[in-house]
Amino acid sequence: MALLQISEPNQGDAPHQHRFSAGIDLGTTNSLVATVRSGMAETLPDAQGRHLLPSVVHYRRDGTVTVGAQAKSAAQGDPLNTLSSTKRFLGRGVNDIKRLGTQLPYHFVDGEKGMPKVRTVVGDLSPVEVSSEILKHLHQRLKESVGGEPEGVVITVPAYFDEPQRQATKDAALLAGLNVMRLLNEPTAAAIAYGLDQKSEGVIAVYDFGGGTFDISILRLNRGVFEVLATSGDSALGGDDIDRAIATWIMAQAGIDDDAGHHQMRRLMDDACRIKEELSDREESEFLIEKEDGTFWEGRLNRQQLHRIIDTIIRKTLVPCRRALNDAGIALNRVEDVVMVGGSTRMPRVRQLVGAFFQREPHVAIDPDRVVAIGAAMQADILVGNKPDSDMLLLDVIPLSLGLEMMGGLAEKIIPRNTTIPVARAQEFTTYKDGQTAMAIHVVQGERELVSDCRSLARFELRGIPAMAAGAARIRVTFQVDADGLLSVVAHEAVTGIESRIEVKPSYGLGDDEVARMIQESMAHAREDMDARNLREQNVEADRVVEALEAALAADGEQLLSPQERQAIDDAIAHLRQSQKGSDWSRVKEAISALNRSSTEFAARRMNASIQLALSGQNVDTFGE
Amino acid sequence: MSDPLQQNYFELYGCPQQFSVDSQLLAQRYLELQQQYHPDRFVTASEEQKRLSLQWTARVNDAFQTLKQPLLRASYLLTLLGYPLDAADTAMDGDFLLQQMELRERLENIAAEADPLQALDEIRLRLQQDEEALFQRLEQRFAEGSAHSLRQAGEDVKQMKFLQRLREEVNEREEQLLG
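Reading guide: rules and limits
- Residues numbered from 1 in each chain as written.
- Chains lettered and ligands numbered in written order.
- Predicted model: local features only at pLDDT ≥ 70, side-chain atom pairs only at ≥ 80, totals over all residues.
- Helix = DSSP H or I, 4+ residues; strand = E, 2+ residues; numbered from the N terminus.
- Buried ≥ 20, exposed ≤ 12 C-beta atoms within 10 Å, placed from the backbone.
- Contact = placed C-beta atoms within 7 Å.
- Nonpolar A, V, L, I, M, F, W, Y, C, P; charged D, E, K, R; others polar.
- Pairing = 2+ DSSP bridges.
- Axes fitted to C-alpha atoms, helices over the stretch in contact; angles between N-to-C directions.
- Domains from an automatic or database assignment.
- pLDDT = per-residue confidence, 0-100.

Each helix and strand counted, chain B has seven helices and zero strands in total. Beginning at the N terminus, the succession of helices and strands in chain B can be written as α-α-α-α-α-α-α. Taking all 179 residues of chain B together, 30% fall into the buried category.

If you want it as structure tokens, here you go:
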């Protein structure tokens, strides 16, 4: 059936105007930004025509920061101040990072609340701050190539990212001055890029083989609901391993010692990578290898030989594939689509073996390095309101259960995993001692029974409970998860009517205050610019709000509002218009809030009216006996 | 006109307030409500509208889970009809408890049986039959609707919870045996 449209700002009757939005793939090795122009999603290159931005940040003593290829080239000379693979530390605690291994040279120090920081010449930096530099760079590229500020962006995250990792990603975007409309799972973005969301149902495998990591996700699509059934992978398996295997083969053939110097090894890896790429198009590759003594070795490698060298590595990726299918409880023949992501899936041999495993021809038409960013841009385009007629709606689920610690160190699940979000759940607890006036609340995430096996998200105390007999207090703990999978927890005591509310912030993201402070710091020297920009932004917002509201009033004002109510809204509009004549952006902002407040009831009635209409369109008799 | 936060779940989904629901219609209504209220539809709207959209969608999701699952639906309907379950009341029918204890005992000693997996399947089948019988009984009681029937329905719901918990334990046990 045709769904009723609510005339919200993004769907109003005003002449169609393209709203500018973007999708960002914040990757471990490389990052990209994409946007939809003239109906086509495309990634944006830098001035040199490079689309991929290496996710590397270099900090110099004088405070200058470089990002990307330029930063990467600094790695050798200044390894301690050249930060790469920061995504692996986003939203992680100090202990998590120790567990990740120590192959990285950085010096981690304990920050506030167990949040790790990296020691650099410009001070101790959190992974959130480092990641925000990459996002700032892409933000700048976006503004320059499109000539304006995006209204909002969609940022992709791995499907297995837990709550603190998602929060940290969002914090980094906030620091970079981006308005995040939605966080989107990477495999879901890849499926969207191929238009698989248009199907009514099916099981999709997303095979993501990058430079240094391998991920497999099994998704199920059912009536517009994308559900991540299972994920698996190998965080230490990637295209680099293929290059290394080829380099090892060359060394054996050319008689180069295992203890070849660092410089020689680096060159061999580059040669191996080039040979690998050449064999994607050709049957045989001929090459010259320069040895350390300055002599050359002439070699050749054909596809069959190549397969013998690399097949074991590719087959290693099939083990997690099998595991993920088992976890998902999905038989191999039920997988209808296989989507290829990541640079290593360019190799014909990878496509061949993966296709043979899933008994399906994999989707390869879109550049596997860009497919995630492209899918994110397509989703952003819909969210920002450029496709008002689109029926597409991605309903996401939380990947891990959320719960509370109970007596005895057991975790009690409040919201089970795979629950569709947004969701709000409340549960009542009580005191266990006479006269107890405080209660410790420990929020955890995970599937295990014991709290010690779950991820600790937040701890707080509810204080000021009036002294009562044990079991008399009624403490209601409400979990709310928004459409991005971000959690807020509120506790209040109900019996006495006294309300104590505490909002929980994740332990490893940044507090709002901290984000605000950092934004202020970064902008302190540009105070006037900021005021001007704020004023401009608030004026744009004010126009948008008034325009949308006036359209709504014209449509339904007469029907849904009493003359007094109408007058109150008209007054608020006039007040806002008056405030726009001045130059104080904060007054405009206040007036917008006031107008929003005075029109909330109207908005609620309109949403209601439209659903009543939708329901009355159905014959009540068909609802079932 | 009413606010979704004030409407009960049946009203929100436009379903008659009864135990039987048409699961296909429920799913269809769910998607329609999502299309209208989901936060993705209000990304560029005001903060107030975003907040409303979040609350309403959460309500739509919660209502769906409740109406979809017979056990939750029955408890919810009993509350609406003025016969809420009392969590503190643990009194159960004696025969039922005895049967449950026998099943539990068998489950505990399952590893000692000749074919533990086969035995698990037997228990599972038994539970399924019991659940189906309870489901039919519940339908009758709600259809009848007298005070006596509804109080009995409360007993049935408690039994259903028992069966469900036992079914979960059977699944856990199976994983242990396989793992």
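Our next topic: the interface of chain B and chain A. At the junction of the two partners, chain B supplies 34 residues and chain A supplies 43 residues. If you list the elements that add at least two residues to the side of chain B that touches chain A, you get helix H2 (23–37) and helix H3 (47–68) of chain B. No other element matches H3(B), which puts nine residues into the side of chain B that touches chain A. Residue composition of the side of chain B that touches chain A, grouped by class: 15 nonpolar, 11 polar and eight charged.

All names here are of chain A. The strand order across the open sheet formed by four strands is S15-S14-S13-S18, and the pairing between neighbours is mixed. The two strands at the open ends of the sheet, each matched to only one other strand, are strand S15 (225–234) and strand S18 (335–341). Going from strand to strand, the sheet's axes swing by 20° on average, the running direction of each strand aside. The pairing of strand S13 (residues 201–209) with strand S14 (residues 214–222) spans nine bridges and is classified as antiparallel. Along S14, the bridge assignment pairs Gly202 with Leu221.

Next up on the list: the sheet that holds strand S9 (residues 116–120) of chain A. Each strand in a sheet pairs with its neighbour through backbone hydrogen bonds, running either in the same direction (parallel) or in the opposite one (antiparallel). Residues and elements named next belong to chain A. The sheet built from three strands is open, its strands ordered S8-S9-S10 with antiparallel pairing. Of all the strands in the sheet, just strand S8 (108–110) and strand S10 (123–125) have a single pairing partner and so form its edges. Neighbour-to-neighbour, the strand axes of the sheet open up by a mean angle of 45°, direction not taken into account. Pairing geometry for S9 and S10, over three bridges, is antiparallel. By the bridge assignment for S10, Thr120 is matched with Gly123.

By the assigned domains, chain B splits into domain 1 (9–68) and domain 2 (94–178). Here the C-alpha centre of domain 2 of chain B lies 32 Å away from the C-alpha centre of domain 1 of chain B.

Attention shifts here to the confidence of the model for chain A. For residues with low pLDDT, the predicted coordinates do not support detailed interpretation. Residues and elements named next belong to chain A. The predicted model of chain A has a mean per-residue pLDDT of 83, with 88% of residues at 70 or higher. Per-element confidence in chain A ranges from a low mean pLDDT of 52 for helix H11 (residues 512–523) to a high of 97 for strand S1 (residues 21–25). Across residues 506–510 the pLDDT falls below 50, and counting only partners more than four positions away or on other chains, this stretch makes 25 contacts in the model. Across residues 617–625 the pLDDT falls below 50, and counting only partners more than four positions away or on other chains, this stretch makes 11 contacts in the model.

Bringing helix H5 (residues 186–193) of chain A into the picture now. Residues and elements named next belong to chain A. Along H5, eight of the eight residues are buried, which leaves the element largely enclosed by surrounding structure. Among the residues making up H5, those that are buried are Glu186, Pro187, Thr188, Ala189, Ala190, Ala191, Ile192 and Ala193. Once H5 ends, the next one or two residues include Gly195, with phi positive near 70°.

Of the two faces of strand S25 (residues 487–493) of chain A, only one is covered, namely that formed by A:Leu487, A:Val489, A:Ala491 and A:Glu493; the face formed by A:Ser488, A:Val490 and A:His492 stays uncovered. Between strand S24 (residues 475–481) of chain A and the antiparallel strand that follows it, S25(A), lie five residues; A:Gly485 among them carries a positive phi value of about 85°.

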